[in-house]
Amino acid sequence: IVLQTEDRLDEAEAALQKGLELRRANGADASTIASSLHNLGNVASDRQEFDVALADFREALDLREKTIGERTPEYQHTLMNYGVALGRAGKSGDAVPVLQRSLAIARDLFGEDSGNTGAVYNELGSVLHDEGRFREAIVNYREALRIDELTVGANGAERAKPLNNLASAYEDMGDYATAVPLFRQSLAIRQKMLAEDDPMVLRADYNLGRVLTKSGALKEAKNLLKDVRVELKERYGEANASTAKAAIWLGLADV
């Protein structure tokens with residue numbers, strides 16, 4: 001899991017697969033096996049191997065349903081991640097009811113104002129966003145932010161993601177004036193918590209640079225995207241998709 005957070009996905013998968021093999025060989029209970037499958041599903045999703053990820057999550061859900069039931073934190077969490085993987089796989093229409101179900105279980109188990117519930121609101125917002133249902137997505141993002149403010153405070157690290165997503169929804173609606181300050185808030189939170197070259201910070205820098213370009217603030221966008229492109233190139237290489245996207249937007253800002 002630590003390797004996964006460092007984007008060392010091949011190593012993470014190998015370690016988790018070995019763990020699963022050892023657990024099966026030593027007669028681990030079904031709940032423990034489901035935990036390994038859940039973690040493998042997360043790594044496969046990050047690697048964009050969605051057929052593998054969805055199969056891992058479905059097997060984990062089946063094991064958890066049979067052993068501990070659906071109204072449990074473990075089942076709810078795997079169901080949420082399954083819905084996220086469906087969305088990433090381009091199946092946002094299928095993901096919506098899965099995440100709505102996960103949300104209902106989370107509200108029942110943890111309450112309306114729990115961080116667990118807030119996380120599902122954010123993910124449901126994401127798949128609605130992908131469906132082009134921007135105003136519904138915004139409602140869910142704002143609910144996630146409301147809950148985060150109650151649970152971790154206005155500057156809590158958890159708020160960075162829904163702030164970024166909310167900004168993206170406004171960007172996709174063409175409302176750059178609303179999007180820019182939200183992107184700035186998300187970036188500021190990440191900069192307080194993480195190193196300058198952390199992938200989450202670089203992603204937020206890129207997002208802000210992109211929307212600044214769209215809004216016509218070309219000088220600021222150019223300065224930001226120039227640094228982002230260098231950092232992305234050093235971390236991922238010239239041929240990486242993120243590096244290429246930063247280069248494209250830098251070119252658009254450099255007029």
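Residues numbered from 1 in each chain as written. Predicted model: local features only at pLDDT ≥ 70, side-chain atom pairs only at ≥ 80, totals over all residues. Heavy atoms only, no water.

(A) Structural view of the overall build of the protein. A count of helices and strands for the protein gives 13 helices and zero strands. Along its sequence from the N terminus, the protein presents helices and strands in the succession α-α-α-α-α-α-α-α-α-α-α-α-α. For 255 residues, the compact-globule estimate of 2.2 N^0.38 gives 18 Å, and the protein sits close to it at 19 Å. Each of the three principal axes of the protein carries a C-alpha extent, and together these read 65 × 40 × 30 Å. A buried classification covers 45% of the 255 residues belonging to the protein. For the protein, the share of sequence-separated contacts (at least 6 apart) that also reach a separation of at least 24 residues comes to 54%. If you sum the accessible surface of the protein, you get close to 12500 Å²; carbon and sulfur atoms cover 49% of it. When the 32 basic and 41 acidic side-chain charges of the protein are each reduced to a single mean position, those positions are 3 Å apart. (Helix = DSSP H or I, 4+ residues; strand = E, 2+ residues; numbered from the N terminus. Rg over C-alpha atoms; globule rule 2.2 N^0.38 Å. Buried < 20%, exposed > 50% of the residue type's maximum accessible area, 1.4 Å probe, protein only. Contact = heavy atoms within 4.5 Å. Areas by Shrake-Rupley, 256 points an atom, 1.4 Å probe, with all protein chains shown as cover. Lys, Arg positive; Asp, Glu negative; His and termini not counted. Charge placed at Lys NZ, Arg CZ, Asp CG, Glu CD.)

(B) A look at the environment of Leu86. Mapped onto the elements, Leu86 comes out in helix H5 (residues 73–88). A relative accessible area of 5% places Leu86 in the buried class. A sequence separation of 51 residues divides Leu86 from Ser35, and the C-alpha atoms of the two residues are 19 Å apart. The residues contacting Leu86, other than those within four sequence positions of it, are Leu54, Lys91, Ser92, Asp94, Ala95 and Val98.

(C) Spotlight on the nonpolar core. Ranked by size, the top nonpolar core spans 57 residues in total, and within it Leu79, Tyr82, Leu124, Leu166, Leu208 and Leu225 carry the most contacts. When residues no more than four places from it in sequence are discounted, the contact partners of Tyr82 are Leu54, Phe57, Arg58, Leu61 and Val98. Among the nonpolar cores identified, the runner-up in size contains ten residues, and Ala12, Leu16, Ala34 and Ala60 belong to it. (Core = buried A, V, L, I, M, F, W, Y, C linked by side-chain atoms within 4.5 Å.)

(D) Quick look at unusual backbone geometry. Positive phi is not limited to glycine here, since Asp7 has a value of about 65°. Looking at the element boundaries, Asp7 is found in the loop between helix H1 (2–5) and helix H2 (9–25). For Gln48, which is not a glycine, the phi torsion comes out positive at approximately 65°. One can find Gln48 in the loop between helix H3 (30–46) and helix H4 (50–67). Judged by its relative accessible area of 62%, Gln48 is exposed.

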